[in-house]
Amino acid sequence: WGGDSGSITCSVFLDLTAAYDTVWLRGLHMKLLDTIPDKHMVSFIMEILSNHSFRLHTSNGQSSRMRRLRNGVPQGSVLAPMLFNIYIHDLPLTTSWKYSYADDLAILFSNRSWEAVEEGLSKDMEILCSYLKNWCLKLSVDKTVTTMFQFYNKDATRKINITVDNVQLQSEPSPSVLSSEARTEHCPLSNTWTASRQKPLPVLH
């Protein structure tokens, strides 16, 4: 990840609201055509995704009429994460490193200056938020968190100043992603840190 004894490395873990349910099917169709050379396969996939409907049932036995789902990919299926990966495979270029699998997305920035780290992550968050909005995906600002990895215990409690829609992102020393935990441990007797993640996300340059 490029950190060294003089670097400050910070990360933002993005949380998307109902990511699978909000996939824009027409947009996904376009990206499938760009990704899969077999148009018949693309048509078959879209046929599967298009034939979904739902009905609401209340506790007192009442039911709504059947309605058709116009967007989204079915959660719990093997196909859903793969389709979501294709849907966001064209994430825009950022200064930060991007780590992504399905709807789990994180960006990481390293520099020797706190101001440069905060500025770099803030600019990249603006870029990603614009992309998400264009493709009908919504960032959950309340659940999107920041964390840092650095060698100096005196800065262990420092809050990272990154805002989205005029809301400062919460700082979380041990964010969880993919049922794993990215942990930073500060040793009181030496300027060291350790980080563990059981299943690291793939890196998107």
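Basis of the calculations
Position numbers for residues start from 1 in each chain and track the written sequence from start to end. Note on the predicted model: pLDDT of at least 70 is required for a residue's local features to be given, and 80 or more for side-chain atom pairs to be given and counted; whole-chain, interface and lining totals, by contrast, use all residues. Note that the side-chain values use all heavy atoms of the structure and ignore hydrogens as well as water. Numbering of helices and strands starts at the N terminus; helices are DSSP runs of H or I of at least 4 residues and strands are runs of E of at least 2. Helix span, expected: 1.5 Å multiplied by one less than the number of residues in the helix. Here, residues are in contact when the closest pair of their heavy atoms is within 4.5 Å. We call two N or O atoms a polar contact when they sit within 3.5 Å, provided that within protein one can donate a hydrogen and the other can accept it, with sequence-adjacent residues counted only if both atoms are side-chain atoms. Type-normalised accessible area, obtained with a 1.4 Å probe on protein chains alone, sets the label of each residue: buried when under 20%, exposed when over 50%, and partly exposed for intermediate values. What the arc describes is the spread of directions from the helix axis to the C-beta atoms. Here, patches come from residues exposed beyond 30% relative accessible area and free of salt bridges, joined within 9 Å for like charges and within 5 Å for nonpolar side chains (Val, Leu, Ile, Met, Phe, Trp, Tyr). Residue exposure ignores everything except the shown protein chains as possible cover, and the areas themselves are Shrake-Rupley values with a 1.4 Å probe. Criterion for a salt bridge: a side-chain nitrogen of Lys or Arg within 4 Å of a carboxyl oxygen of Asp or Glu. Fitting a line to C-alpha atoms yields each axis, with helices limited to the stretch in contact; the angle taken between N-to-C directions then spans 0 to 180 degrees. Put simply, angles under 35 degrees are roughly parallel, angles over 145 are roughly antiparallel, angles from 65 to 115 are roughly perpendicular, and the rest are oblique. Any residue that is not Ala, Val, Leu, Ile, Met, Phe, Trp, Tyr, Cys, Pro, Asp, Glu, Lys or Arg is counted as polar, Gly included; the first ten are nonpolar and the last four charged. The crossing is said to be left-handed when, going from far helix to near helix, the turn is anticlockwise and less than a right angle, and right-handed when the turn is clockwise.

- An unreviewed UniProt entry lists the chain under the name Reverse transcriptase domain-containing protein, from Astyanax mexicanus.

## What about helix α2 (residues 39–50)?
Counting along an α-helix, one turn takes 3.6 residues, and residues three or four places apart therefore face a common direction.
Phase 1 of the analysis: Its 12 residues give α2 an end-to-end C-alpha distance of 16 Å, which sits within 8% of 16 Å, the value for a rise of 1.5 Å per residue.
Phase 2 of the analysis: Residues of α2 that are buried sit in contact with α1 (25–35) and α3 (79–87).
Phase 3 of the analysis: The opening residue of α2 is aspartate 38, an N-cap whose side-chain oxygen sits 2.9 Å from the backbone nitrogen of histidine 40.

## Some details on α1
Phase 1 of the analysis: Within α1, burial applies to Leu25, Gly27, Leu28, Lys31 and Leu32. Projected down its long axis, α1 shows its buried positions confined to an angular sector of 150°, all on one face. Among the exposed residues of α1, those oriented more than 90 degrees off its buried face are Arg26 and Asp34.
Phase 2 of the analysis: On its buried face, α1 sits against α2, α3 and α4 (114–134).

## Looking at a nonpolar patch on the surface
Phase 1 of the analysis: A contiguous nonpolar patch, built from Met41, Phe44 and Ile48 and spanning about 280 Å² of accessible area, is present on the exposed surface.
Phase 2 of the analysis: By the secondary structure assignment, isoleucine 48 is in helix α2.
Phase 3 of the analysis: Classification of isoleucine 48 as partly exposed rests on a relative accessible area of 37%.

## What about the packing of α1 against α3?
Phase 1 of the analysis: Viewed as axis vectors pointing N to C, α1 and α3 meet at an angle of 85°, and their least axial separation amounts to 9 Å. Classified by the angle between their axes, α1 and α3 sit roughly perpendicular to one another. Along the contact surface, α1 presents Gly27, Leu28, Lys31, Leu32 and Thr35, while α3 presents Leu83, Ile86 and Tyr87.
Phase 2 of the analysis: Grouping the amino acids of the contact of α1 with α3 by side-chain chemistry returns 5 nonpolar, 2 polar and 1 charged.

## What to know about the packing of α1 against α2
Phase 1 of the analysis: Between α1 and α2, the least distance of the axes is 10 Å, while the angle of their chain directions is 160°. As judged from the angle between their axes, α1 and α2 are roughly antiparallel. Relative to α2, the crossing made by α1 is right-handed. Residue-level inspection shows Leu25, Leu28, His29, Leu32 and Leu33 of α1 in contact with α2, the latter providing Lys39, Val42, Ile45, Met46 and Leu49.
Phase 2 of the analysis: Residues of the contact of α1 with α2, tallied by class, amount to 8 nonpolar, 1 polar and 1 charged.

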